[in-house]
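Here is how the chains run, residue by residue.
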Amino acid sequence: MSIVKKSQACQVNWRKLPAPKRGRLILAWGRVIENAQNELAALITRESKKVITESMGEIQEIIDMCEFAMGLSRQLYGLTMPSEREHHRLQELWHPLGVVGCITAFNFPMAVLAWNFCLAAMGGNTLVWKPSPKTEGCATRLKQLWDAVAIEYKDVLLISYGGADKALDLADDPNVKLLSATGSCEMGKSVAPRVAKRLGRCLLELGGNNASIICPSADLSFAVKALTFAAVGTTGQRCTTLRRLFVHDTIYETFIEQLKLQYQKLRIGDPSEPSTQIGPLISQESGKKMQQVLKYCRSLGLVVHGGVPLALDDHDYYVTPALVEVDKPIDIMSEETFAPILYVMRYHELSDAIAMQNNVKQGLSSSIFTNDHSEAELFISTEGSDCGLANINIGPSGAEIGGAFGGEKETGGGRESGSDAWKSYMRRSTVTVNYGKRLTLSQGIRFDEK
Ligand code: UN1
């Protein structure tokens, strides 16, 4: 039996279990994950090379999601609308879709699964997970813990191990009712047309090219700290990583000096060491990609700090985060290089900074640092950021699970995690009930048969 068929067979029973009971099983999974927090975080660090404090945070994100799903399991509300007809009721019911396919990346090897799994499973779906080949041990462990709590419903979570071919299998399978894919825009462009060809549904959370704007009224020391984390945290390998920075003319020099000082203080090293802030990149190959981009920037004389590989051990690729100063946006800034490279430039008018920020293909996260109320409001208004996430006085990375997470344009338009993102994993059934004794047509149409 194919893995999708196996998942489908389980879904038929799983969907019959009342949502609050499904919620309790998900919460039980969350509790065993909480008890195993240290062990699981160490596993994330081993496979994804993420620093241990961030791995602990990633497990916290799973626990939060499980609690959220438990609460939601009693709140799958459908609207009731007043009917235009006498003795009629109009109402929405939410049902599971069936089997959800889920593709995740190496950088959040557990939490992104949890965002999807908690909502999908709570809603009565089963899930087939295609994790990154780099972090399959993380997938195996989460599955083991699920199996331990959900004895009768182990197949609610199944894993399809492998590379891109396995992702394409999920994209092509008509029984995968929703394909939720997290990764690069290229990956999205390879799976989404195949899902579209069979008129299936996709939920895409693809690349970002996130920016921050620093206004004259901003608290600079505060902004420097927040933005350093946003640019170099997870070694620049979050889809919400800060990649472009627009600083107002009048504070530019001061701010860049402070940023460079902050960069010099960064502790780079063994990711399992609690005081380490930056671990190695995921692979030698991503180190090479980073250097290709920096080579080009160096040829233009733009690299003002870092970008230097460090030989801290003989297998991993460590590098100092790079700062690249530009006068105006250059083409390479529109690409997402999954490494710690931050492009910095000055601006004069806020509207120009917003326009530059928005003038990239991706639209995930954005932020502004200001203490000027009108600037802050403008930034989150329709004339402001075109991203799925727009932050004030906080960096673009580090979203909480309570909000809907995702972005626009080539980021793919999907929303995961909090708010009403659960609806993406469900189908809506609009129900009209005639409890009267007469047949009346809508819009007052008469169809009297004589
Ligand atoms: C990602 O990089 O794929 O907002 C997700 C954040 C995290 C999630 C990042 N909570 O940075």
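As a reminder, the structure under discussion sits directly above these lines.
Reading the values: the criteria
Residues numbered from 1 in each chain as written. Predicted model: local features only at pLDDT ≥ 70, side-chain atom pairs only at ≥ 80, totals over all residues. Heavy atoms only, no water. Pairing = 2+ DSSP bridges. Helix = DSSP H or I, 4+ residues; strand = E, 2+ residues; numbered from the N terminus. Axes fitted to C-alpha atoms, helices over the stretch in contact; angles between N-to-C directions. Contact = heavy atoms within 4.5 Å. Near = heavy atom within 4 Å. Polar contact = N/O pair within 3.5 Å; in protein donor to acceptor, adjacent residues only side chain to side chain. Areas by Shrake-Rupley, 256 points an atom, 1.4 Å probe, with all protein chains shown as cover. Nonpolar A, V, L, I, M, F, W, Y, C, P; charged D, E, K, R; others polar. Core = buried A, V, L, I, M, F, W, Y, C linked by side-chain atoms within 4.5 Å. Buried < 20%, exposed > 50% of the residue type's maximum accessible area, 1.4 Å probe, protein only. Parallel < 35°, antiparallel > 145°, perpendicular 65-115°, else oblique. Right-handed = clockwise from strand over helix to strand, strands pointing away.

**Some details on the sheet that holds strand β4 (residues 126-130)**
- A sheet is described by the order of its strands in space; here 5 strands give the open sequence β5-β4-β3-β6-β7, paired in parallel fashion. Both outer strands of the open sheet, β5 (157-159) and β7 (201-205), are each paired with one neighbouring strand and no more. Adjacent strand axes in the sheet meet at a mean angle of 20° when their direction is disregarded.
- The sheet contact formed by strand β6 (residues 176-182) and β7 spans 5 bridges and is parallel. Across the sheet, the residue bridging to Ser180 is Leu203, located in β7.
- Relative to β4, helix α1 (residues 3-14) is tilted by about 150°, and along the sheet it contacts β3 (99-103), β4, β5 and β6.

**Here we look at the site of the ligand**
- Around the ligand sit Glu61, Asn107, Phe108, Trp115, Glu205, Arg238, Cys239, Thr240, Ser397, Gly398, Ala399 and Phe405, and those are all the residues in its vicinity.
- Arg238 places a polar side-chain atom, nitrogen or oxygen, 2.8 Å from an oxygen atom of the ligand.
- A distance of 2.8 Å separates an oxygen atom of the ligand from a polar atom in the backbone of Gly398.
- When the ligand sits alone it has 320 Å² of accessible area, and the protein chains cover 99% of it.
- For the shell around the ligand, the per-class residue count stands at 5 nonpolar, 4 polar and 3 charged.

**Quick look at the side chain of Gln11**
- Within the fold, Gln11 resides in helix α1.
- In this structure Gln11 touches Pro96, Gly98, Gly124, Asn125 and Thr126, once residues within four positions along its chain are discounted.

**Brief notes about the nonpolar core**
- By size, the foremost hydrophobic cluster in this structure holds 60 residues, and its most contacted members are Trp29 and Trp146.
- No other element matches helix α5 (residues 111-122), which puts 11 residues into this core.
- Here Trp29 is in contact with Ile62, Cys66, Leu113, Phe117, Cys118, Leu142, Leu145, Trp146 and Val149, once residues within four sequence places are set aside.
- Among the nonpolar cores identified, the runner-up in size contains 29 residues, and Cys215, Ile330, Ala339 and Ile341 belong to it.

**Side note on the packing of helix α2 (residues 19-35) against α5**
- One way to put it is that α2 packs onto α5 with a least axis distance of 9 Å and a crossing angle of 155°. In terms of axis orientation, α2 runs roughly antiparallel to α5. Judged by residue contacts, Ala19, Arg22, Ile26 and Trp29 of α2 engage Leu113, Phe117, Cys118, Ala121 and Met122 from α5.
- Residue composition of the contact of α2 with α5, grouped by class: 8 nonpolar, no polar and 1 charged.

**Points about the pairing of β3**
- Along β3, 5 of the 5 residues are buried, which leaves the element largely enclosed by surrounding structure.
- Note that β3 and β4 share 5 bridges and pair parallel. From the neighbouring strand, Val99 faces β4, where its bridge partner is Thr126.
- Note that the unit made of β3, α5 and β4 has a crossover that is right-handed.
- Pairing of β3 with β6, which is carried by 5 bridges, proceeds in the parallel orientation. Looking across to β6, one finds that Val99 is bridged to Val176.

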